[in-house]
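Reading the structure
So you can see what is in the structure, the chains are spelled out below.
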2 protein chains.
Amino acid sequence: GTAPAIVRPQEVLRWRLASSFPKSLDNLYAPAERFAKSISDATDGRFQVSVYAGGELVPPFSIVDAVQNGTVDCGHTAAYYYFGKDETFAFDCTIPFGMNSRQHTAWMYDGNGLELLRAFYANYDIVNFPMGNTGAQMGGWYRNPIKSADDLKGLRMRIGGFGGRVLERLGVLPQNIPGGEVYSALEKGTIDATEFVGPYDDLRLGLYRVAPYYYFPAWWEGGAQLTLYVGTKAWNALSPEYKAILQQAASDAHVYMQARYDARNPAALKQLIAEGAKLSRMPRDVMDAAFKASREVYAELNDKNPEWRKIYGDYARFLAEQYQWEPIAEGSYNQYMGAMRL
Amino acid sequence: GTAPAIVRPQEVLRWRLASSFPKSLDNLYAPAERFAKSISDATDGRFQVSVYAGGELVPPFSIVDAVQNGTVDCGHTAAYYYFGKDETFAFDCTIPFGMNSRQHTAWMYDGNGLELLRAFYANYDIVNFPMGNTGAQMGGWYRNPIKSADDLKGLRMRIGGFGGRVLERLGVLPQNIPGGEVYSALEKGTIDATEFVGPYDDLRLGLYRVAPYYYFPAWWEGGAQLTLYVGTKAWNALSPEYKAILQQAASDAHVYMQARYDARNPAALKQLIAEGAKLSRMPRDVMDAAFKASREVYAELNDKNPEWRKIYGDYARFLAEQYQWEPIAEGSYNQYMGAMRL
C-alpha cells in the first residue's frame, strides 16, 4: 500500500544558550558547544542552539534568573553558584564531602536525584539535565604551606560555591573573586589562597607562580556536576521528538565533559610540577575538622531549610551506601594500580 | 513569507539488535533496550530497533559474526568474548590491569581509543560505539579460601574473556561455562571457582551458597566496557541525522549502564554478606604474580600480533598517565570518604 505522506514544516527552531564559562576554560565551555552541535546534527539543522560564553548575554552567575525570566531558552552552569538563593541548589553540583562523579551520575540516572531536583527546580520554572562533571578537584593554591588546621585561621581564600560555608567554620575568610582577577589578587597579596578546579584549568591561570603550594584533594568538591537549565516554557513547547533529542544530547555532553577532564588532567599535572608547583596532601586534621564542620552545617540546614531537608536525606543515604561499596572493588583496584610502575 | 514544504517519507526503518545478554541479567541487557527506546523517541517512531536477548536470534557469543554477515543490523556485546579471533578485541572491553571505567571512557571519547578501534573493526565491517561499563568487578567466588598464589595452581575456574590468558600462567585451568550452568558446576565440584561481574549480578546467580569465599578486586576487570556493533553497510545507509541520533543514544546508554551498576551494587553487596558471603581482599602475592604474568602476555602479543601492537602502545601510555594522576585528587578523596562513618 502507499503510506500517507505528511508535510513537515521546515521552520528552524532557534534557541539561545547562556554558559557561565569563558571559552578560554575550554573543558567547562565545550560541553555546551557539543550539545548544540549534537542537536543540530540530529535534526538536520532544524533545531539550532546558539551558545554564548559567560558574560556575552548575561552575567556568568545569573543563569538561573536568565532562564527563569526567559531571557534565554537555556543555560549551562554550576548549580552551587546559586546557593545564596537557596542552599538546595548545591545538591545539583556538589557539597563538601559529597558524592564523587560516578556516584552523582548514578544518583541522577538511577537513583532519586533527578526526580528530587526536578521538583525543586519547578519553583524556578526550570527543567534540569546533568551535563558534565569535573571529577574530584584539587584543594587549591596557597602562598604558604598549610601544616595544620590552625594555618587556615584568618586565611583569605578565593572560593566559588557552597564550600565556603564550611571553610568559614575553620576560620577561613572566603572571597568571591572572578577567575580573571585571581592571579593579580594573589600577586598583590589581597588573598592568600585560591581554589579553582584541577590541573588542566589551574595550569591556564598560572597560579603556581604566585601561590606554589598545591594541595589535594578538594574535600569540598569530590566531583562537581554541571547542569543544563531549560526554561519550563521552552521545554513544554518542544515536540516529544525534540525533547528526546535534547535529553540524549545532554547525556552525550555529560559523558564527554568528564572524559575531557580525565584525559587532559594528567599531562597538565606533570607540567605544573615541572613548573614548580609543590604538591602535598591536605593534612589529616584539616580534613577531619572540615568533615566535622560540614556535619554541623548540614544539621543546621536540615533544621532551617525545608527544601534542603527534602533532598538531604536521600542524598546522604545514597552517599553512605556508595562509600560502603566503593573501597571494595573500585577502590582496591585503583589503589593497587596507582602504586604500580606502569 | 511562506517556507517551502518538503514531503518526507513516513517509511519506518526497522533494525534488529542482537544482545549477548539474557533479560534476567538486567544491568547488562537494559542498555540495549534504552538505546532502542531513545532512537524511537528521537525519530517519532520512524527508526525502530528491535532488541533480541542472548540466544534469541543468534548465539550469545557470536555477535561479531552476526553483524559482519548482516544477520542483524547491530549488536550489543562484550568485545573480549572474541579474543579467540584476535586478542585485539580485548582493548574494547578490558585487559588485566587495564583502565578503570572512567579512564576507558576518557580514552574512547577524548583519547585515541575510538579512532584506533574503528580502524581495527573495519576489518570486520563493524562500526563500534562504547555502550556501557560495569565498573571494577569482583574477583569471583571460591569454594575454598585463596591464601596465596599457590592456592591457584590447578584451580578449575570459570572465567569469561581474555583474563584467562593471564590466569593460565598462574596455574589456573580456565573453564568456559555458560552463566546458567555455573551454579550446578560449582555444586557438583566440576569447577572450584568462578568469576562473574559484581554484587548485583552475582546475587542473582546465588553463588555464595556453593562457593562462599568472595574476593576483590577482579584484577582482570578493572572496568569492562560493552560495545554497540553496527554493520558498516547498515551504518552507511543511515542519513547524517540518524547517524547523529544513533551516536547520542549510544552515549546515553553508556552513561546509564554505569549508573545502574553504581546505584544497585551497594544494596546487593549488603545482601550477599547477610546471606553468608565471606568477603576478602585478594592476597598481595596473587596480585603481584598476576601483574607480572600480564606483562609477559602483553610482551608476547606485541611480538606476534601486529593488530594488537598497533593499539597497545597508545593504550599503555594513556593508562600509565592516568594512574599517575588518579591517586592524587580522586583516589585521596575516595580513600578518605571510604574510611569515614557517613
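Computed from a predicted model, the values in this text were never measured in an experiment.

A word on the interface of chain A and chain B. Residue-level contacts link 85 residues of chain A with 85 residues of chain B. For the chain A face of the interface with chain B, the top three residues by lost area are Trp325, Tyr333 and Tyr336 of chain A, together amounting to 11%. Our count for the contact surface shared by chain A and chain B stands at eight salt bridges. Residue aspartate 262 of chain A pairs with arginine 102 of chain B through a salt bridge whose shortest N-O separation is 2.8 Å. At the boundary of chain A with chain B, the tally comes to 28 residue pairs in polar contact (both at pLDDT 80 or more). At the level of secondary structure, the elements contributing two or more residues to the side of chain A that touches chain B comprise strand 1 (6-8), helix 1 (26-42), helix 3 (101-109), helix 9 (240-274), strand 12 (278-281), helix 10 (284-304), helix 11 (306-325) and helix 12 (327-339) of chain A. When residues in the side of chain A that touches chain B are grouped by element, the largest group, 23 residues, is from helix 9 of chain A.

Once that is clear, we can look at the relation of the copies chain A and chain B. Superposition of chain A onto chain B requires a rotation of 180 degrees combined with a translation of 0.0 Å along the rotation axis, giving an RMSD of 0.0 Å. Taken together, these values place the two copies in the relation of a two-fold axis. A share of 100% of interface residues in chain A that are also interface residues in chain B marks the association as one of identical surfaces.

On to the pattern of salt bridges, then. The final tally for this structure, using the stated rule, is 40 salt bridges over all chains. Notably, a salt bridge pairs arginine 46 of chain A with glutamate 241 of chain B, separated by 2.7 Å at the nearest N-O pair. With arginine 46 of chain A in the loop between helix 1 and strand 3 (47-52) and glutamate 241 of chain B in helix 9 (residues 240-274), this pair bridges two chains. The class for arginine 46 of chain A is buried, based on a relative accessible area of 6%. Look at glutamate 241 of chain B and you get buried, because its relative accessible area is 8%. We note a salt bridge from arginine 102 of chain A to glutamate 330 of chain A, for which the minimum N-O separation is 3.0 Å.

Moving on, we come to the side chain of aspartate 252 of chain A. With respect to the helices, strands and loops of the structure, aspartate 252 of chain A is situated in helix 9. Not counting residues up to four positions away in its chain, the partners in contact with aspartate 252 of chain A are Arg34 and Ser38 of chain A together with Tyr109, Gln247, Gln248 and Ser251 of chain B.

Side chains of nonpolar character tend, in soluble globular proteins, to be buried together. Within the largest apolar cluster, 101 residues are counted, with the highest numbers of intra-cluster contacts made by Phe162, Trp219 and Tyr229 of chain B. Broken down by element, this core gets its largest block of residues, eight residues, from helix 10 (residues 284-304) of chain B. Here this core gathers at least three residues from each of two domains, domain 1 (13-136 + 222-264) and domain 2 (141-220 + 272-304) of chain B. Setting aside residues no more than four positions away along its own chain, tryptophan 219 of chain B makes contact with Tyr333 of chain A together with Pro96, Phe97, Val166, Leu167, Leu170, Met282, Val286, Met287 and Ala290 of chain B. If you look at the next biggest cluster of nonpolar residues, it comprises 100 residues, including Phe89, Tyr142, Leu152 and Met257 of chain A.

This part covers the sheet that holds strand 5 (residues 126-133) of chain A. Residues and elements named next belong to chain A. What the five strands build is an open sheet, ordered 3-2-4-11-5; its pairing is mixed. Only two strands of the sheet have a single neighbouring strand rather than two, namely strand 3 and strand 5. The average angle at which neighbouring strand axes cross in this sheet is 25 degrees, direction not considered. Looking at chain direction, strand 2 (residues 13-19) and strand 4 (residues 74-77) are connected through three bridges and run parallel. Of the residues in strand 4, the one forming a bridge with leucine 17 is cysteine 74. Strands in contact with helix 1 are strand 2, strand 3, strand 4, strand 5 and strand 11 (225-231); relative to strand 3, the strand with the most contacts, it is inclined by about 165 degrees. Each of strand 5 and strand 11 touches helix 4 (residues 113-121); the most contacted strand, strand 5, lies at about 130 degrees to it.

What follows deals with helix 4 of chain A. Think of an α-helix as turning once every 3.6 residues; residues three or four places apart then point the same way. Residue and element names in this part refer to chain A. Taken together, the buried positions of helix 4 are occupied by Gly113, Leu117, Phe120 and Tyr121. Along the long axis of helix 4, the arc covered by the buried residues comes to 90 degrees, so they all point the same way. In helix 4, those exposed residues whose orientation departs by more than 90 degrees from the buried face are Glu115 and Ala119. The inward-facing, buried residues of helix 4 abut helix 3, strand 5, strand 11 and helix 11.

Turning our eyes to something else, we now look at the confidence of the model for chain A. Per-residue confidence for chain A gives a mean pLDDT of 95, with 97% of residues at or over 70. Low pLDDT, under 50, characterises residues 1-5 of chain A; the stretch is placed with two contacts to residues that sit more than four places away or in other chains.

With that settled, consider empty space enclosed by the protein. Counted by the stated rule, this structure contains two cavities of 30 Å³ or more. What the largest cavity holds in volume is close to 350 Å³. Around the largest cavity, the lining is made up of 27 residues, and of these Arg102 and Glu330 of chain A together with Arg102, Glu330 and Asn334 of chain B lie nearest the centre. In terms of residue class, the lining of the largest cavity is built from five nonpolar, 14 polar and eight charged. Each pocket or cavity is described by its volume, and for the second largest cavity that value is around 230 Å³. Lining the second largest cavity are 18 residues, with Arg102, Val255 and Gln258 of chain A together with Arg102 and Val255 of chain B sitting closest to its centre. Breaking the lining of the second largest cavity down by element, the ones donating at least two residues are helix 3 and helix 9 of chain A together with helix 3 (101-109) and helix 9 of chain B. A class-by-class count of the residues in the lining of the second largest cavity yields four nonpolar, ten polar and four charged.

The next point concerns the packing of helix 1 (residues 26-42) of chain B against helix 9 of chain B. All names here are of chain B. Their axes nearest at 8 Å, the elements helix 1 and helix 9 cross at an angle of 145 degrees. Read as a crossing pair, helix 1 and helix 9 show a hand that is right-handed. Contacts between helix 1 and helix 9 involve Asp26, Asn27, Leu28, Ala30, Pro31, Arg34, Phe35, Ser38, Ile39 and Ala42 from the former and Ile245, Leu246, Ala249, Ala250, Asp252, Ala253, Tyr256, Met257, Arg260, Tyr261 and Arg264 from the latter. Looking at the contact of helix 1 with helix 9 residue by residue, the classes come out as 14 nonpolar, two polar and five charged.

Basis of the calculations
- Residues numbered from 1 in each chain as written.
- Chains lettered and ligands numbered in written order.
- Predicted model: local features only at pLDDT ≥ 70, side-chain atom pairs only at ≥ 80, totals over all residues.
- Heavy atoms only, no water.
- Contact = heavy atoms within 4.5 Å.
- Buried area = accessible area lost by both parts, 1.4 Å probe.
- Salt bridge = Lys/Arg side-chain N within 4 Å of Asp/Glu carboxyl O.
- Polar contact = N/O pair within 3.5 Å; in protein donor to acceptor, adjacent residues only side chain to side chain.
- Helix = DSSP H or I, 4+ residues; strand = E, 2+ residues; numbered from the N terminus.
- Least-squares fit on C-alpha atoms with pLDDT ≥ 70 in both.
- Buried < 20%, exposed > 50% of the residue type's maximum accessible area, 1.4 Å probe, protein only.
- Core = buried A, V, L, I, M, F, W, Y, C linked by side-chain atoms within 4.5 Å.
- Domains from an automatic or database assignment.
- Pairing = 2+ DSSP bridges.
- Axes fitted to C-alpha atoms, helices over the stretch in contact; angles between N-to-C directions.
- Arc of directions from axis to C-beta.
- pLDDT = per-residue confidence, 0-100.
- 1 Å grid on protein atoms, 1.4 Å probe; cavity = no way out; pocket = protein on both sides within 12 Å on 5 of 7 lines; lining within 4 Å.
- Points joined across faces, edges and corners; volume = space filled by probe spheres on them.
- Nonpolar A, V, L, I, M, F, W, Y, C, P; charged D, E, K, R; others polar.
- Left-handed = near helix turned anticlockwise from the far one by under 90°.

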